[in-house]
Each structure stands twice: as C-alpha cells, then as structure tokens.
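Observations on the model geometry
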Amino acid sequence: MQISKKQTQLTVAVISYFGGDILTKTVDSILSTTPPHIKLNLLVFPNGIQLDDQVRNYLRDRNVTIVFNRVEKGLTYRIKQAVNECFHDFLILTQDGIGFTPTTLVQTLQTFYENPDVTITSAKIEPSHAQSLGEAVTEVRALLKWRIGNHWRRKDNYLMLSSKFMGLRMNFIKNMNIPDAVNNVSTYLYLENKKNCRCTPG
C-alpha cells in the first residue's frame, strides 16, 4: 500500500546541540526530501546554545520555527517540549548532524499508515560528515548500535531505536509522563511501548 497523495501533516522537531553549518545541513536535508503532499511543520530547539544571526535568518527564511532554550536542560525536557508543540498525528524527533534520505519521511509515514498498531518507529540515520572528535564518536556509536540491532531478536530490540531519529504516533506519546530522571529516553520509550503496543525499526 502506498501513501495517499492527499496532503499529510507532519511535525519534525530538531534538537540542536551544535548549531551553525551542522544544523543548517540537517534542515536542508529535511526540506529537500519532503514530498509536495506532506505539509511540514519544522521546529528547531537550540539546547543551551546561541544561534548566530546568519543561522536564524536562514531558518526564518524557510519558515522554520525556533523554540529558544537558553539553558541546557537535557534531552527528556526537549522531547516533552516537542510533544507539546506538535498538533499533528505524527511527530519525528531528530538532532542536528543527521541527514535525511529521499525516502526517510515517506517510509516513516508509510510504516504508520500500513500498521495502525505501530506507535513508534525508527530509521537508519545518515550522519553528516563529522567535524570534531566528539561528533565522530557519536556517529560511530549510532552506526554500531544499528548494525548490532539488525542482527538481534529479529530487529525487535531497544538498540534499533535512537533518540537521533524517532517517529512517534501522537496518540501514544501525548499522554505519557516521561520522568525527568530518565537518562536514555529511547530505551525508556521502547520498553514502555512494548507493554501494550508494537515497535518497528522502520
């Protein structure tokens, strides 16, 4: 089954730790791979960083909403913010430094449409080229998790879900109270999801 060409509304939230070119490259990859029938609400959450005027103008010129956070409060807090800012049926959470492929959005939505009981999904991420040792370590870790997860329990495991890319069905996440003390949000959501629902790696 293919996704209808009828207009679909979708919110994508980018939690930004780096800003600058790393952020704009991620935004570029999202906008350039969004099909015309998807009405996109793109949000950026700077996490304890300042965006320079050039980046701010770049985002505003592309109708990207910036939700400023001058104090770094952690991923759990930002995810809760993104959920509160989403008024569509589906929310995609990602971070700067991640690249979307031409099929990322379409395949994520198709997973939800073809599987009404699936409430959370993920996808193989395409990291941007690392510009620091920290970024390189993060990229290698994410790719190793994906490779291991692909060969464990028929892909049904917490390694397949990454906070760098999560697709969420809003009727699942909007009423969930995620404890602020949670350190690994993706693992927490996977385990909560497994209680009553179904998760797919995408």
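Right, let's walk through the structure included here. Remember, it's a predicted structure, so these values are computed and weren't measured experimentally.

**Structural notes on the nonpolar core**
In terms of nonpolar packing, the biggest core is built from 26 residues, with Leu10, Val12, Leu23, Val27, Leu59 and Phe100 touching the most fellow members. Of all the secondary-structure elements, those providing two or more residues to this core are strand S1 (8-16), helix H1 (20-32), strand S2 (38-46), helix H2 (53-61), strand S4 (90-95) and helix H4 (104-114). Residues in contact with leucine 10, not counting those within four places in the same chain, are Ile38, Lys39, Leu40, Asn41, His88, Phe90, Leu91, Ile92, Leu105 and Leu109. Ranked by size, the runner-up nonpolar core spans 23 residues in total, among them Ala13, Cys86, Leu168 and Val182.

**Details of the side chain of threonine 24**
For threonine 24, the position within the fold is in helix H1. If sequence neighbours within four positions are ignored, threonine 24 has contacts with Val55 and Tyr58.

**Quick notes on the pattern of salt bridges**
Tallied over the entire structure, the rule returns one salt bridge. Put simply, aspartate 180 and lysine 80 hold a salt bridge, and the shortest N to O gap is 2.7 Å. Residue aspartate 180 is located in the loop between helix H6 (170-173) and helix H7 (185-196), and its partner lysine 80 is located in helix H3 (residues 75-85); the two are separated by 100 residues in the primary sequence. Classification of lysine 80 by relative accessible area gives partly exposed; the value is 24%.

**Some details on the packing of H1 against H2**
Here H1 crosses H2 at 10°, and the two axes come no closer than 10 Å. In terms of orientation, H1 lies roughly parallel with respect to H2. On H2, the residues touching Gly20, Leu23, Thr24, Val27 and Asp28 of H1 are Val55, Tyr58 and Leu59. Residues belonging to the contact of H1 with H2 are distributed by class as follows: five nonpolar, two polar and one charged.

What counts and how
- Residues numbered from 1 in each chain as written.
- Predicted model: local features only at pLDDT ≥ 70, side-chain atom pairs only at ≥ 80, totals over all residues.
- Heavy atoms only, no water.
- Core = buried A, V, L, I, M, F, W, Y, C linked by side-chain atoms within 4.5 Å.
- Buried < 20%, exposed > 50% of the residue type's maximum accessible area, 1.4 Å probe, protein only.
- Helix = DSSP H or I, 4+ residues; strand = E, 2+ residues; numbered from the N terminus.
- Contact = heavy atoms within 4.5 Å.
- Salt bridge = Lys/Arg side-chain N within 4 Å of Asp/Glu carboxyl O.
- Axes fitted to C-alpha atoms, helices over the stretch in contact; angles between N-to-C directions.
- Parallel < 35°, antiparallel > 145°, perpendicular 65-115°, else oblique.
- Nonpolar A, V, L, I, M, F, W, Y, C, P; charged D, E, K, R; others polar.

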